[in-house]
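# Structure assessment
The chain contents come next:
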Amino acid sequence: MLIIAGTFRIDPAHRDAAFAAASEMMAETVKEKGCEAYVFSADLSDPSRIHLFERWESQGALEAHFATPHMARFQATIPKFGPKDFSVQKYTISGVGPVR
């Protein structure tokens, strides 16, 4: 299992348009084989910060995701929102269990 998680910033003036694009991306991505979670979320204390969380069954599923038409559309759209300060990492997970 893989987790992709992190944050990036956008120009707050473009926040609504950015979340519209992110909503479309989320709706398409969760239909993909091997996608277990895919979420963009707003930071409640910083209107410029967006959080990203993804959970993938395998590296192959993640690589297939990068080749989808909706990923190409999203990557073509996101520069319009002034993205910066990307801090997104991939984590390889060997086990999952309850917190307590």
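Anything mentioned here points back to the structure above.
One structure accompanies this document, and this report is about it.

So, on to the side chain of Asp 43. Residue position: Asp 43 is located in the loop between strand S2 (35-42) and strand S3 (49-56). Looking at Asp 43, its side chain comes within polar contact range of the side chain of Arg 49, at 3.1 Å. In this structure, Asp 43 is in contact with Arg 15, Arg 49 and His 51, ignoring residues within four places of it in sequence.

With that settled, consider helix H2 (residues 59-66). Among the residues of H2, those classed as buried are Ala 61, Leu 62 and His 65. Down the axis of H2, the buried side of the element spans an arc of 100 degrees, and every buried residue falls inside it. The secondary structure elements touched by the buried residues of H2 are strand S1 (2-9), helix H1 (15-29), S2, S3, helix H3 (69-77) and strand S4 (84-92).

The full count for this structure, using the stated rule, is 7 salt bridges. Ionic pairing is found between Asp 85 and Arg 9, a salt bridge with its closest N-O pair at 3.6 Å. Separated by 76 residues along the polypeptide, Asp 85 in strand S4 and Arg 9 in strand S1 bring together distant segments of the chain. The shortest N-O distance in the salt bridge between Lys 31 and Glu 28 comes to 3.3 Å. The partly exposed category is assigned to Glu 28, whose relative accessible area is 29%. A cluster of three or more residues bridged by salt bridges with shared partners is formed by Arg 9, Asp 43, Asp 46, Arg 49 and Asp 85.

With that settled, the discussion passes to the pairing of S3. Covered by surrounding structure in S3 are Ile 50, Leu 52, Glu 54 and Trp 56 only, the residues Arg 49, His 51, Phe 53 and Arg 55 on the alternate face being uncovered. Note: S2 against S3, 7 bridges, orientation antiparallel. Looking across to S3, one finds that Ala 42 is bridged to Ile 50. From the end of S2 to the start of S3, which pair antiparallel, there are 6 residues.

Listed as buried for H3 are His 70, Met 71 and Phe 74. Each buried residue of H3 sits inside an arc of 100 degrees when the element is viewed along its axis, so together they form one side. Turned more than 90 degrees from where H3 packs its buried face, Pro 69 and Ala 76 sit exposed. Buried residues belonging to H3 abut H1, S2 and H2.

If you trace the 4 strands from one edge of the open sheet to the other, you get S2-S3-S1-S4, paired in antiparallel fashion. The open sheet has two edge strands, S2 and S4, and neither has a second partner. The mean angle between the axes of side-by-side strands here comes to 10 degrees, regardless of whether they run parallel or antiparallel. Contacts between H1 and the sheet are confined to S2 and S3, with S2 contributing the most and set at about 170 degrees to the helix. Each of S1, S2, S3 and S4 is contacted by H2, which is oriented at about 130 degrees to S3, the strand it contacts most.

Scoring rules and cut-offs
Residues numbered from 1 in each chain as written. Predicted model: local features only at pLDDT ≥ 70, side-chain atom pairs only at ≥ 80, totals over all residues. Heavy atoms only, no water. Helix = DSSP H or I, 4+ residues; strand = E, 2+ residues; numbered from the N terminus. Polar contact = N/O pair within 3.5 Å; in protein donor to acceptor, adjacent residues only side chain to side chain. Contact = heavy atoms within 4.5 Å. Buried < 20%, exposed > 50% of the residue type's maximum accessible area, 1.4 Å probe, protein only. Arc of directions from axis to C-beta. Salt bridge = Lys/Arg side-chain N within 4 Å of Asp/Glu carboxyl O. Pairing = 2+ DSSP bridges. Axes fitted to C-alpha atoms, helices over the stretch in contact; angles between N-to-C directions.

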